[in-house]
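Spelled out, the chains give:
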Amino acid sequence: PHHFEIQHASGSGLTCAMSALTVRACANAACTALYTGGVSGSLTASGAPTVAWDGTSGGASGSGFVIPVGASSVTKNVQVSTPGSVVFGVGGAIPTSCTFGAPQCTFSASDAGLFVTNSLTGSEATIPAQTAGITSAQLYLRALQASTSNPAVCTPAIAGKTVAVNLGYACNDPTTCSSGNRLTVNSTAVAGSPNSSPTQNSTPVNLNFDANGSAPITLNYADVGRITLYASTTVTPPGGAAASLRGNSNAFVVKPFSFVLSGVQCQGATANPGAADAQGGKFCPAGEDFSLTVTAVASGGVATPNYGREVMAESVRLVPALVGGLGLTGNPAVAGSFGSFSNWVASGSAFS
């Protein structure tokens, strides 16, 4: 492999629970190509916390892992059983990168915290890619803590009550958020922060936690890009001292709902008549230039301001498709290209 990539949903976990690390074998620097020739190795952990590897996972005992021929990844479970930060890696000469941590590959464990899952009693889950303006599938924010009688067992940190949880999101890519709070949690708009911000802006949202310490949530983001959900609250157990609960989701991508084409004109003068058949109005002679504008939108047609502002800016291209039922044959490519996106739109004036 070119290098190994270690993935984790959020880069943080609880001392009372196993955390799943996925090891990928990458065939290039961007990890857009994967190595499937089969490879084995051992994970490493440096730092003060106590680490216990699950020898029944990852295809090998102890901290070992085996990615079999034909596969490109394997998942290894680990429990960081004392609070603190640990840096994960892979031993040997092959380089390692991670999708979590600051500095990279740093994993933080705490006795109590919040995390996102997809079931009432589930462990931490990855939020999949979303679509702008479409409400997510049912998720849950769980509040758990290490049991005072058995620190290896998790118990609810909040149970059977409604609690105000501070929720916010960071804009990872683009690294700044567009104006307005565009993420809603349970239909409540929450505050966004630039990716480089040392602290996260947040909005209190009342969440109903059940006996398992799980509160149902749904997300709806009216913009595009890669974002991370952050959560925090303070709880005071009976007879105990106030404790801070914190957590964050994985960084997940939100894509446009669709693209809208407008302003179609032949040589900047003749608007497209939208002819339905041969008797309709003529538009543009073959080979002559026409112009048009494209807008990336969320569901409902609201523009998504962050499209095209990514670190590696996204773009669009025209792909021709023949209208059916007219006996047309041949389908030449469309010449010309759009300019860069600005204020959520891009235009081109030399298509043909």
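Rules used in this analysis
- Position numbers for residues start from 1 in each chain and track the written sequence from start to end.
- Note on the predicted model: pLDDT of at least 70 is required for a residue's local features to be given, and 80 or more for side-chain atom pairs to be given and counted; whole-chain, interface and lining totals, by contrast, use all residues.
- Hydrogens and waters are ignored; side-chain quantities use all the structure's heavy atoms.
- Helix numbers and strand numbers start at the N terminus; a helix is a DSSP run of H or I with at least 4 residues, a strand a run of E with at least 2.
- With a 1.4 Å probe rolled over the protein chains alone, any residue whose accessible area is under 20% of its type maximum counts as buried; one over 50% counts as exposed, and the rest are partly exposed.
- Two residues form a contact once any of their heavy atoms are found within 4.5 Å.
- Each accessible area is a Shrake-Rupley estimate made with a 1.4 Å probe; only the visible protein chains count as cover when residues are assessed.
- Positive: Lys, Arg. Negative: Asp, Glu. His and the chain ends are not part of the count.
- Note that the charge is assigned to NZ on lysines, CZ on arginines, CG on aspartates and CD on glutamates.
- What makes two strands pair is DSSP finding at least two bridges between them.
- Here an angle of 0 to 180 degrees is reported between the N-to-C directions of two axes, which are lines fitted to C-alpha atoms, with helices fitted over the stretch in contact.
- Note on terminology: pairs of cysteine sulfur atoms within 2.5 Å are recorded as disulfides.
- Candidates for patches are residues over 30% relative accessible area with no salt bridge; among them, like charges are joined within 9 Å and nonpolar side chains (Val, Leu, Ile, Met, Phe, Trp, Tyr) within 5 Å.
- Just to be clear on terms, a salt bridge is a Lys or Arg side-chain nitrogen sitting within 4 Å of an Asp or Glu carboxyl oxygen.

## Thoughts on the overall build of the protein
For the protein, the helix and strand inventory stands at zero helices and 26 strands. Across its three principal axes, the protein shows a C-alpha extent of roughly 80 × 50 × 35 Å. Split into buried and exposed, the 352 residues of the protein put 39% on the buried side. The long-range share in the protein, meaning contacts at least 24 apart out of those at least 6 apart in sequence, stands at 64%. Carbon and sulfur atoms make up 53% of the accessible area of the protein, which amounts to about 17,000 Å² in all. Here the protein contributes 11 positive and 12 negative side-chain charges, whose respective centroids are spaced 5 Å apart.

## Examining the sheet that holds strand β4 (residues 39-46)
Spatially, the five strands line up as an open sheet ordered β2-β10-β8-β4-β6, and their pairing is mixed. Edge strands, defined here as strands with exactly one partner in the open sheet, are β2 (12-14) and β6 (64-67). Going from strand to strand, the sheet's axes swing by 30° on average, the running direction of each strand aside. Pairing of β4 with strand β8 (residues 84-90), which is carried by four bridges, proceeds in the antiparallel orientation. Opposite Ser46, over in β8, you have Val87 as the bridge partner.

## Notes on the state of the cysteines
Per the counting criterion, the structure on display carries five disulfides. Covalent S-S linkage joins Cys16 and Cys154, the inter-sulfur distance amounting to 1.9 Å. On the sign convention where negative is left-handed, the bridge of Cys16 and Cys154, at about 100° about the S-S bond, is right-handed. Of the two residues, Cys16 is situated in the loop between β2 and β3 (19-26) and Cys154 in strand β14 (residues 154-156); the sequence distance between them amounts to 138 residues. In this structure Cys16 comes out as buried when scored by relative accessible area, which is 6%. Disulfide pairing places Cys26 opposite Cys31 at an S-S distance of 1.9 Å. Taking the sign of the torsion about the S-S bond as the criterion, the disulfide between Cys26 and Cys31, at about -70°, is left-handed. When the cysteines of the protein that form disulfides are numbered from the N-terminus onward, they connect as 1-6, 2-3, 4-5, 7-8, 9-10.

## Section: a nonpolar patch on the surface
Residues Leu322, Val323, Leu326 and Leu328 make up a contiguous nonpolar surface patch of roughly 370 Å² in combined accessible area. Of note, Val323 is situated in the loop between β25 (290-297) and β26 (345-351). Classification of Val323 by relative accessible area gives exposed; the value is 55%.

## Focus: the environment of Leu326
Along the polypeptide, Leu326 turns up in the loop between β25 and β26. For the pair Leu326 and Asp277, spaced 49 residues apart in the sequence, the C-alpha separation amounts to 8.2 Å.

## Notes on unusual backbone geometry
The omega angle of the peptide bond from Ala102 to Pro103 is 0°, so this bond is cis rather than trans. Turning to its location among the elements, Pro103 is positioned in the loop between β9 (96-98) and β10 (106-110). A cis amide bond links Asp173 with the next residue in sequence, Pro174, at an omega value of 0°. Its identity as a non-glycine residue notwithstanding, Asn186 has a phi of 50°, on the positive side. Topologically, Asn186 is positioned in the loop between β16 (183-185) and β17 (188-194). A relative accessible area of 30% means that Asn186 is categorised as partly exposed. Despite not being glycine, Trp344 has its phi angle at roughly 65°, a positive value. Secondary-structure assignment places Trp344 in the loop between β25 and β26. Look at Trp344 and you get partly exposed, because its relative accessible area is 36%.

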